[in-house]
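# Descriptive structure summary
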Amino acid sequence: MTLDARIPSGPIEEAWAKSCFDMKLVNPANKRKHSLIVVGSGLAGGAAAASLGELGYKVKCFCFQDSPRRAHSIAAQGGINAAKNYPNDGESVFRLFYDTVKGGDFRAREGNVYRLAQISTKIIDQCVAQGVPFAREYGGSLDNRSFGGAQVSRTFYARGQTGQQLLLGAYQALERQVHAGSVTMIPRTEMLDLIVVDGKARGIVARNLVTGEFSVHIADAVIIASGGYSNVYYLSTNAKGSNATAIWRAYKRGALFANPCFTQIHPTCIPVSGDYQSKLTLMSESLRNDGRIWVPKKKGDPRPPDQIPEDERDYYLERRYPSFGNLVPRDVASRNAKAMCDEGYGVGKSGLGVYLDFSESIARLGEKTVRERYGNLFDMYQRITDENPYKVPMRIYPAIHYTMGGLWVDYQLQSTIPGLFVLGEANFSDHGANRLGASALMQGLSDGYFIIPYTVGNYLATNKFAKVDESQAEVKEAVASAQQKIEKLLSIKGERTVDSFHRELGKILWDDCGMARTAQGLESAIGRIRALREEYWQNVTVPGSGDDLNESLEKAGRVADFFELAELICIDARDRNESCGGHFREEYQTPDGEALRNDEQYSYVAAWGYRGPDAPPELNKEPLEFHYVHPSQRSYK
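This report concerns the structure included in the present document. (Residues numbered from 1 in each chain as written. Predicted model: local features only at pLDDT ≥ 70, side-chain atom pairs only at ≥ 80, totals over all residues. Heavy atoms only, no water.)

## So, a nonpolar patch on the surface
- A surface patch of nonpolar side chains, about 250 Å² in accessible area, is lined by Phe94, Tyr98 and Tyr628.
- Residue placement: Phe94 occurs in helix α4 (residues 93-103).
- Of the residues examined, Phe94 reaches a relative accessible area of 35% and is grouped as partly exposed. (Patch = residues over 30% accessible without salt bridge, like charges linked within 9 Å, V, L, I, M, F, W, Y side chains within 5 Å. Areas by Shrake-Rupley, 256 points an atom, 1.4 Å probe, with all protein chains shown as cover. Salt bridge = Lys/Arg side-chain N within 4 Å of Asp/Glu carboxyl O. Helix = DSSP H or I, 4+ residues; strand = E, 2+ residues; numbered from the N terminus. Buried < 20%, exposed > 50% of the residue type's maximum accessible area, 1.4 Å probe, protein only.)

Structure follows, in structure tokens:
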């Protein structure tokens, strides 16, 4: 398949404006005649549904939570990037663009990233108008703080609750449209299949998670904004309900899946404390602004941190990367933390931890100022660990966080299935092999508020839509497929729980396709995943029925999809014989342990196509071209 990204020609600074002008429009009266489906109600989905409803389209918005306010976007703590240059420290649209392409290790599309940097300034204005309570300077202007991968302060924040506050802004805009009647909100409902008629996405099959009832929803276009797939690893920073089912079922209907192995390891998580854990807790990257990361210089040093003198501490990020220090990008910080622990310098009972120390900042700024900046994060840490981070350093260790891979989309955010658009973390489009901190919120709101209203309008204006109803063969087949999967899971009645399978799958992935990867480990992982998946379909137990609320059944379907996705992640990682960003193949590294890319052979987007249950996926390549930020060995020293 030839992949056409549809990047506009001409100067990159003018590309989005040119594209908007060239797109066909739907007049206001005709918008009321078109129906749209939005799957997901986080920042990307909620913003999209609100914006499209405001324009006059008839929108159905689905979420599996009881309210859009429960979307995982609330967990984003540290901030949102924008090229406003309020601190007057050298920020610009081009610098944000440059930092993002470089931070993604030159595996992102220049056109998408530049547009994201351009739109970033509008996002802040939109959110301020909605009443989002961003932090402000004493004089009243919006405050900024720095984040990893940048030497300027471009991150707007609302203490440690930025995602929650932005989501509430999108939520009130969404509920306004619900009240106006342009958006129908359908909660506690999960998309289980995509309906494709005459090659176009025309609806979804959904299941009510309370009653078990299946339903068919037909529309002129479908927009998926269902988030990322980090929970394939079992232990991750994502909410337990986060899953890949919507995008995975779309993949099996013909949408290509791009760069699945590009998963992000976040360096600032509370270390694992036992086998009983079902998820991990993220401590915001913003803490690296004022916290200093260190380990004892002596291996296995048993002393409490306050008894280790300054000259016996190794501030290893400041030592190795003097230009950026503790603000190196996440992949760099994570690899270094792992290396220090692997060499025996780790702290805590497990030895899998490093210190994040605020003593210097508290002495310099005062506890009151630190509390104002990070108070809720410190409180959360103390509730979980029973340690007071104002008195002792936090202990942190990397964990699976964000996924840069997702369904392939072009510049208009349309997948390889016409009429299927994919937003936010569910697509692959803007981050490359590593995401800079505070860019997830930026992409979600950019996609939802400012891009999809243009691009979906262009699709509607340039296509004709035949009537589709539930009697058509394609619709019946999609419903039957979804129902059969549910019935199969309920009929197995084996001896192992869904969680036990999921935990074992996650350990395979973490060990062999996590922070470090090798060809041998990936080959082994693929074989073990296939064997475990076969056992799953013979020995899993799902209690209860499909006719009422059944969380075990919900998880069973999602884990079934995770098994297939896990295999694709490992296949993609095995195929990419280089290191880049969060994809670190141990065979490919510089003498000092940095990721070693192979631009000559791997400067492309790997977009995989489904070819059937027993056939290997098909690799399609979208070559990446760099005209403005030329690939080079990344250096933060």
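That covers the picture; the talk isn't over yet.
## Some details on the sheet that holds strand β10 (residues 257-258)
- The four strands lie next to each other as β16-β10-β18-β19, forming an open sheet whose pairing is antiparallel. Sheet topology places β16 (406-407) and β19 (618-623) at the edges, where each strand pairs with a single neighbour.
- Bridge analysis of strand β18 (residues 604-609) against β19 gives six bridges, and the strand direction is antiparallel. Each residue of the ladder has a partner; that of Trp608, found in β19, is Leu619.
- Each of β10, β18 and β19 is contacted by helix α16 (residues 551-575), which is oriented at about 145° to β18, the strand it contacts most. (Pairing = 2+ DSSP bridges. Contact = heavy atoms within 4.5 Å. Axes fitted to C-alpha atoms, helices over the stretch in contact; angles between N-to-C directions.)

## What about the sheet that holds strand β7 (residues 200-208)?
- Ordered in space as β6-β7-β8, the three strands form an open sheet in which the pairing is antiparallel. For this open sheet the edge positions go to β6 (189-197) and β8 (214-218), each flanked by a neighbour on one side alone. Each adjacent strand pair in this sheet contributes to an overall mean axis angle of 25°, direction not counted.
- Bridge count for β6 against β7 is eight bridges, and the pairing is antiparallel.

## Thoughts on the packing of aromatic side chains
- Under the counting rule described, the total for this entry stands at 26 aromatic pairs.
- Note on Phe501 and Tyr536: the rings are 5.1 Å apart at their centroids and 90° apart in plane angle, and the pair reads as edge-to-face. Of this pair, Phe501 sits in helix α14 (residues 498-513) while Tyr536 sits in helix α15 (residues 519-539), and the two are 35 residues apart along the sequence. Like Tyr536, Phe501 is buried.
- One aromatic cluster is present, formed by Tyr229, Trp248, Tyr251, Phe257 and Tyr610 through successive ring pairs.
- Against the face of Tyr411 rests Arg115, its NZ or CZ located 4.1 Å from the ring centre.
- The ring of Tyr234 is capped by Lys240, whose NZ or CZ atom sits 4.2 Å from the centre of that ring. (Phe/Tyr/Trp six-rings, centres within 6.5 Å; stacked < 30°, edge-to-face > 60°. Lys NZ or Arg CZ within 6 Å of the ring centre and 35° of its normal.)

## Concerning the side chain of Asp572
- Relative to the helices and strands, Asp572 resides in helix α16.
- For Asp572, which is buried and forms no salt bridge, the nearest opposite charge comes from Arg576, at a distance of 5.0 Å.
- What Asp572 contacts, discounting residues up to four positions off in sequence, is Asn259, Pro260, Cys261, Ala606 and Trp608. (Lys, Arg positive; Asp, Glu negative; His and termini not counted.)

## As for the environment of Arg496
- With respect to the helices, strands and loops of the structure, Arg496 is situated in the loop between α13 (473-492) and α14.
- Along the primary structure Arg496 and Asp410 are separated by 86 residues, whereas in three dimensions their C-alpha atoms are 42 Å apart.
- What Arg496 contacts, discounting residues up to four positions off in sequence, is Phe501, Glu504, Leu532, Glu535, Asn539, Val540 and Thr541.
- Engagement of the side chain of Arg496 in a polar contact is seen with the side chain of Glu504, the distance being 2.9 Å.
- At 3.3 Å, the side chain of Arg496 and the side chain of Glu535 are in polar contact. (Polar contact = N/O pair within 3.5 Å; in protein donor to acceptor, adjacent residues only side chain to side chain.)

## A look at the nonpolar core
- Among the nonpolar cores identified, the biggest contains 187 residues, and Ile80, Ile224, Leu420 and Tyr536 are the most heavily contacted of them.
- The contacts of Leu420, once residues within four sequence positions are left out, are Leu194, Ala201, Val222, Ile224, Ala250, Ala255, Leu407, Leu413, Gln414 and Ser415.
- Formed by five residues, the second largest nonpolar core is a distinct cluster that contains Trp294, Ile308, Tyr315 and Tyr355. (Core = buried A, V, L, I, M, F, W, Y, C linked by side-chain atoms within 4.5 Å.)

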